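Understanding the architecture of this molecule
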Amino acid sequence: MYDVVVIGAGHAGIEAALAAARLGARTLVLTLTLEAVGAMPCNPSLGGPGKGQLIREIDALGGEMGLAADETFLQMRVLNTGKGPAVRTLRAQIDKRAYRDRMRRVLLNQSGLDLREGEVVELLVGKGEVRGVRTATGLEFAAGAVVLATGVYLGSRIVVGESLREGGPGGQRAATALARQLVALGLRLRRFKTGTSPRILASSADLTGLQPVAGAIEPMGFSFIGAKARAEAWPVHQTWTTTATHRLIEENLHRAPLFTGVIEGVGPRYCPSIEDKVVRFRERSAHQIFLEPEDPTGEEIYVAGLSTSLPEAVQGELLATIPGLERARITRPGYAIEYDCLDPSELGLSLESRRFGRLFTAGQVNGTSGYEEAAGQGLLAGINAVRRLSGAEPLRLERSEAYLGVMVDDLATRGAEEPYRVLTARAEYRLRLRHGNADFRLTPRGEAMGLVSAERSAAFRQRQLALETALELLPNTRVPAALTAGEATRGDRYLRAGGEYHRLVALGLPDLPSELAEEVEIRFRYEGYLRREEARVERLKRQEGLRIPPGLDYRSLRALSREGQEMLNRRRPETLGQASRLAGVSPADLSVLAVCLTGRGRTTNRDGGA
Amino acid sequence: MAILRISGPEAWTAAGRFFRPAKAQRRPQAGRFFFGHLYDEVGREVDEAILLLFAGPHSYTAEDVAEIQLHGGLAVVEEALRLFLGAGLQAAAPGEFTRRAFENGRIDLSQAEAVADLVAAKSAAASRLAVRNLAGGLGDRIRRLRADLKGVLAGLEAALDFPEEVAIAPAGSVLAALGGEVDDLLAGYETGRRIQEGLRAVLLGRPNAGKSSLLNALVGRERAITSSQPGTTRDVIEAELRCEGQLVHLVDTAGLGAGEDPVEAEGQRRALAEAAAADLILWVVESGREEVEAAPKGALVWEVRQKSDLYPGDTRGPWPGAARLFRVSARTGQGLLELRSALALVVGAGEGVLLGNERQRVALLESRHALERAAAGWSSQSPDLLAADLWEALEALGEITGETGRPEVLDEIFSRFCLGK
């Protein structure tokens, strides 16, 4: 008997399993193959806007992704440097083999965690709750909670031109039996589509004459702990499609599964295939291509920007029309993959299914895309699965607190119309959700959950102390006129006016690492904006603080509009705040609900909890 | 007079940012009021003001509350709002103070239910008004504004979320144009308010200039007591007047420069306060008299030369601060028709787009301030802050039409830009 069984060992499964085991739960991870633990079947890169912040948040809570990325990256750089700290973020090219090996090693060596191969064909269900799993080979494992993190393997099929194959990435078979059972259980499934680009033999590309995009020289990393490494800074190279590429695509549209009706799943608008780009943006004569190294031995290159499901022969011809790739040899063709995923609007904010108790779901099976999104959900699902066993309140992060909170709330409240990825544009409180303050936002929450190691706690306290010391000293520091190019002023005013912290170190302020110094600068320079955001957060918090009892009978609230009543009944929000984000729930409906909720609270108190 | 109410744990501090008590040594204390002035961010005086402080839970919202009473006109209130909103305070949503009161347990269930009814009823009324307004073109203009703004925002957001694929395009001039459009709508609010609430015209002048006689002649009845004695009117007297279908509130006041006794002094103080809050000052002067004192500055000033039948030889031009001169006689009715037509014209012809209420005006103001910040900072400000301003502007406009913005902007990003590796 296990406390927690995790199905799948991708990025969601890894974080779920590690979190559960580290919280003391006896944990089993079942994966189709040990080779696929922590695999990256799409771009070999982590981070970027929104995603980089997610990795920082995962790390701040005690997750694994940031540490693994820092140990295995080929190059890392800061994006959005000139666009303000709220959107500044890291992106890394990853040595995907090293990353996979490291993750497998960590799982195998984690105490309280068993990792083994096995295809789950059935969830064992009784009395509306999930009680365990059964594998294809007939083994049954009882479990206190199950985390479903099957990625794109539910009912998946891979499409390359006219060729169709049931199965998932890496040549694995699809988990078809499990998909069938989920439908039989009455869970709503959606059909999504995504795709990847061809890989080529690195030595067959001619990189001379292409624009290199170098990594940073200075050491940097996602994680708040661990040594900051400087990798060899493998460059990514940039090239472009040509009119010849576009002509070739147009000529072969009749063989493009996306246009012949073979593919029915909904693909992401932010990650279209090259045939889609060419057709939708006919006025453009070129599209960007990035050549991303997949490993440090220089064997394979990922041709980012050329996601396609055109026939393999056409893919070869396409590559030949792109500068630098004239003689490129494909090692693996690009493909489209269609898969089933669950409708995430059937989830609670704890990532527990609202249909079946003790069933948690995380990652692409929830309709998201992206390694970072998956890892973030995995971490929360793992934590909450364990908390479910002990009857503790689940960890719910607010939209104002973390991108993790934005993501889970978006999924649970609005569902997903296309594969979901985080975007900084989704965050209403973006100025607060910086990658540089993720630990200040979340490490205390992680500590309360019990997932933060002593090492991380100590590092956090040290950063906190340094920050507080600086904040305290600043108003009492006199900045001489020589520094201000004007009149002498106080340290806080100097920063407010856009001054740089490192110039104050000579005046007796602590010498902070550059990211922390930036954090101090932001707190003053962005003060007015942050305060305005704070006021909106306060308003949100009052709404989120009003919890809606799960069994509330909306039909008894006749003051509700019909549309509002229907939506509330269907989606069953957990808080007033969540209700406010549902389409069709009017401000008047919210007032009625608010009054009803505060009223219920009092009545219950008076009657001694009736 | 206007009251600004600030509620929340930082309310007192927030009020103290721009309010300075006349007696600097007085410490803030609950239940006290403080006389002083409101100053803007560079120390210019905005208005005289009275500050009242309440400590939670002994306040309406059960939070710390600061109330600032201003007696300036709309321009002063607008300036004060600009100051406080600019400093990071949030404008209250309709019914927000009441909502906070019940959220904080200040009022009980039955009261809260009454509030809910009220809120519901209010929004029903508001939506009826909105429907009227939408048909009248306000909605169209706001929607056009929002569409342009969403375009700018989508471009900026695409550049923030897809830095390797999209660069930030210049938009300062588009934003300035949008700001001008918002200004137009705000000007429409002035007209709208005057049409709904009526024009406030204050009769001001020296004792015995004939203000009360003029008021009576205009309204056609003996509303104010008149006599040949200077200083007959000692307090403020109001009368409603319809000029060609438009509503005008005529306000008669005590003569300025009258005697020194306390009642007269108070009468004059009130006269000046009325003048400060007026849309129009009718500066009443007795024909043939050499006027030494100038009319107080304030809104639009017209000079009305009363008793002109008695002094047909008075040909002096208008007092320099006055926009127009009217020669009238309350006794014979001479010139009154002309004055009434002119009043009707000031109220407004009722064309164009009209804002229905204060909430819409506050929303427009918020959006204008945010647009101004973004337009001014487009080439120098950090893009994450520009985006924050634009979202604020978009959301403020959305409050008027009841539309949200975020999903639409995301849609626009994906439809306009070719993104993704």
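In this report, the structure presented in the accompanying data block is examined. (Residues numbered from 1 in each chain as written. Chains lettered and ligands numbered in written order. Predicted model: local features only at pLDDT ≥ 70, side-chain atom pairs only at ≥ 80, totals over all residues. Heavy atoms only, no water.)

1. Observations concerning the interface of chain B and chain A
Tallying the contact residues gives 58 residues for chain B and 52 residues for chain A. With both sides pooled, the region where chain B packs onto chain A buries about 4,600 Å², and carbon together with sulfur makes up 53% of that total. Taken together, chain B and chain A are joined by six salt bridges. Between Glu164(B) and Arg77(A) there is a salt bridge, and its shortest N-O distance comes to 2.5 Å. Between chain B and chain A we count 18 residue pairs in polar contact (both at pLDDT 80 or more) in total. Contributing elements (two or more residues each) for the side of chain B that touches chain A: helix 2 (74-86), helix 3 (96-103), helix 4 (109-136), helix 5 (138-161), helix 11 (383-401) and helix 12 (406-416) of chain B. Tallying contributions element by element places helix 11 of chain B first for the side of chain B that touches chain A, with nine residues. The residue makeup of the side of chain B that touches chain A, split by class, is 28 nonpolar, nine polar and 21 charged. (Contact = heavy atoms within 4.5 Å. Buried area = accessible area lost by both parts, 1.4 Å probe. Salt bridge = Lys/Arg side-chain N within 4 Å of Asp/Glu carboxyl O. Polar contact = N/O pair within 3.5 Å; in protein donor to acceptor, adjacent residues only side chain to side chain. Helix = DSSP H or I, 4+ residues; strand = E, 2+ residues; numbered from the N terminus. Nonpolar A, V, L, I, M, F, W, Y, C, P; charged D, E, K, R; others polar.)

2. Focus: empty space enclosed by the protein
Empty space among the atoms becomes apparent when a probe as large as a water molecule is rolled across them. Counting across every chain of the model gives eight cavities of 30 Å³ or more. Approximately 190 Å³ is the volume found for the largest cavity. Lining the largest cavity are 15 residues; nearest its centre among them are Glu428(A), Glu533(A), Arg536(A), Ala388(B) and Trp391(B). Those elements that provide at least two residues to the lining of the largest cavity are helix 17 (527-545) of chain A together with helix 11 of chain B. Among the elements that take part in the lining of the largest cavity, helix 11 of chain B stands out by supplying five residues, more than any other. Contributions of two or more residues to the lining of the second largest cavity are made by helix 2 and helix 10 (358-377) of chain B. At four residues, the largest contribution of residues to the lining of the second largest cavity is made by helix 10 of chain B. Its residues placed into classes, the lining of the second largest cavity shows four nonpolar, three polar and four charged. (1 Å grid on protein atoms, 1.4 Å probe; cavity = no way out; pocket = protein on both sides within 12 Å on 5 of 7 lines; lining within 4 Å. Points joined across faces, edges and corners; volume = space filled by probe spheres on them.)

Function cannot be inferred from these measures alone, as they are strictly geometric.
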